[in-house]
Each structure stands twice: as structure tokens, then as C-alpha cells.
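Tertiary structure, described
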Amino acid sequence: MTDGNREVTLVTGASMGIGRALADAFAGQGHHLLLVARSGRMLEDLALEIGRMHGVRVFCFAADLAEPGSPQRIAEYCRKRGLHVTLLVNCAGISRASDFSELPSAALECVMAVNMSAAARLIRQFLPGMIAARKGGIINLASLGGAQGVPGLALYSATKSFVITLSEALHMELKGTGVRVVAVCPGFIETGFMEKAGHDARRVRLPINPVDVVVKAAMRGYRQNRMLVYPTLLDFLLVFSQRFTPRFVSAGLSGFLAAARNNR
Ligand SMILES: NC(=O)c1ccc[n+]([C@@H]2O[C@H](COP(=O)([O-])OP(=O)(O)OC[C@H]3O[C@@H](n4cnc5c(N)ncnc54)[C@H](OP(=O)(O)O)[C@@H]3O)[C@@H](O)[C@H]2O)c1
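Here is what the cut-offs are and how they apply
- Residues numbered from 1 in each chain as written.
- Predicted model: local features only at pLDDT ≥ 70, side-chain atom pairs only at ≥ 80, totals over all residues.
- Heavy atoms only, no water.
- Salt bridge = Lys/Arg side-chain N within 4 Å of Asp/Glu carboxyl O.
- Helix = DSSP H or I, 4+ residues; strand = E, 2+ residues; numbered from the N terminus.
- Buried < 20%, exposed > 50% of the residue type's maximum accessible area, 1.4 Å probe, protein only.
- Near = heavy atom within 4 Å.
- Polar contact = N/O pair within 3.5 Å; in protein donor to acceptor, adjacent residues only side chain to side chain.
- Areas by Shrake-Rupley, 256 points an atom, 1.4 Å probe, with all protein chains shown as cover.
- Phe/Tyr/Trp six-rings, centres within 6.5 Å; stacked < 30°, edge-to-face > 60°.
- Lys NZ or Arg CZ within 6 Å of the ring centre and 35° of its normal.
- Expected span 1.5 Å × (residues − 1).
- Arc of directions from axis to C-beta.
- Patch = residues over 30% accessible without salt bridge, like charges linked within 9 Å, V, L, I, M, F, W, Y side chains within 5 Å.

Scanning the model with the defined rule gives 7 salt bridges in all. For Asp99, the salt bridge identified is with Arg261, shortest N-O distance 2.6 Å. You can see Asp99 sitting in the loop between strand E4 (83–90) and helix H4 (105–133) and its partner Arg261 sitting in the segment after helix H9 (247–258), a full 162 residues away along the chain. Owing to a relative accessible area of 18%, Asp99 belongs among the buried residues under this scheme. The partly exposed category is assigned to Arg261, whose relative accessible area is 39%.

What follows concerns the site of the ligand. Around the ligand, 30 residues are found, and the nearest of them are Arg38, Ser39, Tyr156, Thr191 and Lys196. Gly13 has a polar backbone atom sitting 3.0 Å from an oxygen atom of the ligand. Thr191 places a polar side-chain atom, nitrogen or oxygen, 2.6 Å from an oxygen atom of the ligand. About the coverage of the ligand: the protein hides 97% of its 880 Å² of free accessible area. At the level of elements, helix H1 (17–28), helix H5 (154–173), strand E7 (188–189) and helix H6 (193–197) are the ones that each hand at least two residues to the shell around the ligand.

Here the structure, examined in full by the defined rule, presents 5 aromatic pairs. Residues Tyr156 and Phe193 carry aromatic rings whose centres are separated by 5.6 Å and whose planes lie at 55° to one another, so their mutual orientation is tilted. Of this pair, Tyr156 sits in helix H5 while Phe193 is found in helix H6, placing the two residues 37 residues apart along the sequence. Among the residues examined, Phe193 registers a relative accessible area of 27% and is labelled partly exposed. Centre to centre, the rings of Phe240 and Phe244 are 5.6 Å apart; their planes meet at 75°, and the pair counts as edge-to-face. Every member of this aromatic cluster is reached through a ring pair, and the members are Tyr230, Phe236, Phe240 and Phe244. The ring of Tyr222 carries the charged tip of Arg180 above its face, separated from the ring centre by 5.1 Å. The residue whose ring lies beneath Arg205 is Phe256, and the NZ or CZ to ring-centre distance is 4.0 Å.

Next up on the list: H1. Across its 12 residues, H1 extends 17 Å between first and last C-alpha, which sits within 8% of the 16 Å expected from 1.5 Å per residue. Here H1 has its buried residues at Ile18, Gly19, Leu22, Ala23, Phe26 and Ala27. Burial along H1 is one-sided: seen end-on, the buried residues are contained in an arc of 165°. The positive-phi residue at the C-terminal boundary of H1 is Gly30, with phi of around 90°.

Moving on: a nonpolar patch on the surface. On the surface, Leu233, Phe236 and Leu237 cluster together into a nonpolar patch covering about 290 Å² of accessible area. Tracing the chain through its elements places Leu233 in helix H8 (residues 233–240).

Next comes the structure, spelled out in C-alpha cells:
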């Protein structure tokens, strides 16, 4: 059964947190949505709520993005339903606070699969269609943690560096095609993310900002086709100051500010 030729904004990690808020914000601008996360029931409830509130069509696809075949299954679902993804928001992400030597191997695989492989595979699935249509875009949720290695979050920060550099390169490759690519680099945001990662928010030495700070910054950054978006002035200053600082100082400072070690 197809749903005609409908343009949708695909949001991964849409069941809660930043993804949920971004889905709501884009629906408020009239975007039809395709929501992806593992929690199918939460997605369906959210789809009803957003559809009713904003008068847009909302589709759901429950998928575990740690599974390598998920991006292709999502693309096949779109083809069957006649959905054209004109905006891809790669928001699903996970972390685990731990010294790297103690990181369980299952967590290692899962963090890399969701934060890097799934995001890259989804881009590869949907980018050619955007280029052919000469419009559309990709918003990748990176992190301030990706601007340098973060002790206690070594793997997470490395995956977010991947997201940043992939986004930068794509932003430049796609100049003149009508397709935008934006990487959003927030500091700490008030969601359930840190708790799930075993990262004690009370120890963090940086402000923990509400979700709307990153949503507004992402929407503005996408509108203005910015390559990198830092939601707050402090986020920007922390990254800007790295131009005058040896890398080992930046890495040490980020470890001190994030305070992700010794959470056992
Ligand atoms: N919160 C922060 O402090 C912060 C700071 C900087 C960057 N970020 C980034 O912002 C993004 C969103 O974070 P958030 O704070 O909104 O986190 P969150 O509230 O924990 O939400 C994470 C989302 O990702 C989905 N997800 C997790 N694992 C998945 C999997 N295997 N397959 C499919 N979906 C999966 C979750 O849905 P299900 O559990 O239903 O699958 C959920 O919808 C992440 O990429 C994160 O790295 C967050």
C-alpha cells in the first residue's frame, strides 16, 4: 500500500528527548514525519499526538539501529509507502560513561553501531534522492564531546568526532546541489541520556540546558545552512578556545568538566 508521493522528515531517536522535540518542532512547521526508534508504542502515541496537534501525517517505523540492516529496512518501507525523505535528522544516540578499558564489549559495539554506522548508512540511503531532487538536507546530532577526546567518554567522544567530520565533508561536497548538511554540537542537555549512560549529572561542571535550546539552534542552523551549530555561547567559546590551546589541555579540561570517570 502506498501513501502517494509524500515528502517526509525522518527523525531517528524520535521517541524521547531531543529527537522527540525536533519532530514536534518540524511538524509545527508543516513537515510530515517518519519517526524511528526502538519503542514502537511510544512512537505510535507520539504520532497520534503530533498529528492531532499540527495536522500533519506522521508515520512510525520501530527499528533497532544497532542492527546493520535497519537503515535499508527503513528505506524499503519508504519506497513501499511512497515516502520521500527530504530531511533526515540523525538524532538517535547512546553513550556509556566508563574508562575505555572497562567498557563492556556489547556497549562498545552498540555505541559505534548507533552513533556512527546507522547515521552514515541512513545518509547513504537517502542522500542520492535529495541530490536528484536538488533539495533537502541532513541534520546530524553530534556533541561538544566530539570536538576533542573526553576521558571517561572516550568511545562516545570518538563517535561524535566521526559525526562532525563526516558532516563537514558532506557540507562541502554538497555545495551547489541544494542539499544542506548541518552538525549540531550541544553541551549537556536535560534528557534521560546521561542517566542511561551511567553518567552522574550532579558531578558535571557545565550547565545542563533544556531541550528547547538545542532545538531552536538546530532549526536556525538548518535554515541558515550552517556547517556546525553550537547551541550556546559557552559551547562556542569552549570550542573556539581550542585554537589557542594544546590538544592535551583541551582533552584534560573536557574530562574535568564532563566528570564522567569514577561513576562506578
Ligand atoms: N542529552 C545530552 O546531554 C546530549 C548532549 C550532546 C549531544 N547529544 C546527542 O543528542 C542525541 C539525542 O540525545 P537525547 O539526549 O535526546 O537522548 P535520549 O533522550 O536518550 O534519546 C535517545 C533516542 O535515541 C533512540 N535510540 C537509542 N538507541 C537506539 C537504537 N539502538 N535504535 C534506535 N533508536 C535508538 C532512543 O529511542 P529508543 O530507546 O526508543 O530506541 C531515543 O529516542 C544523541 O545523538 C546524543 O548523542 C545529547
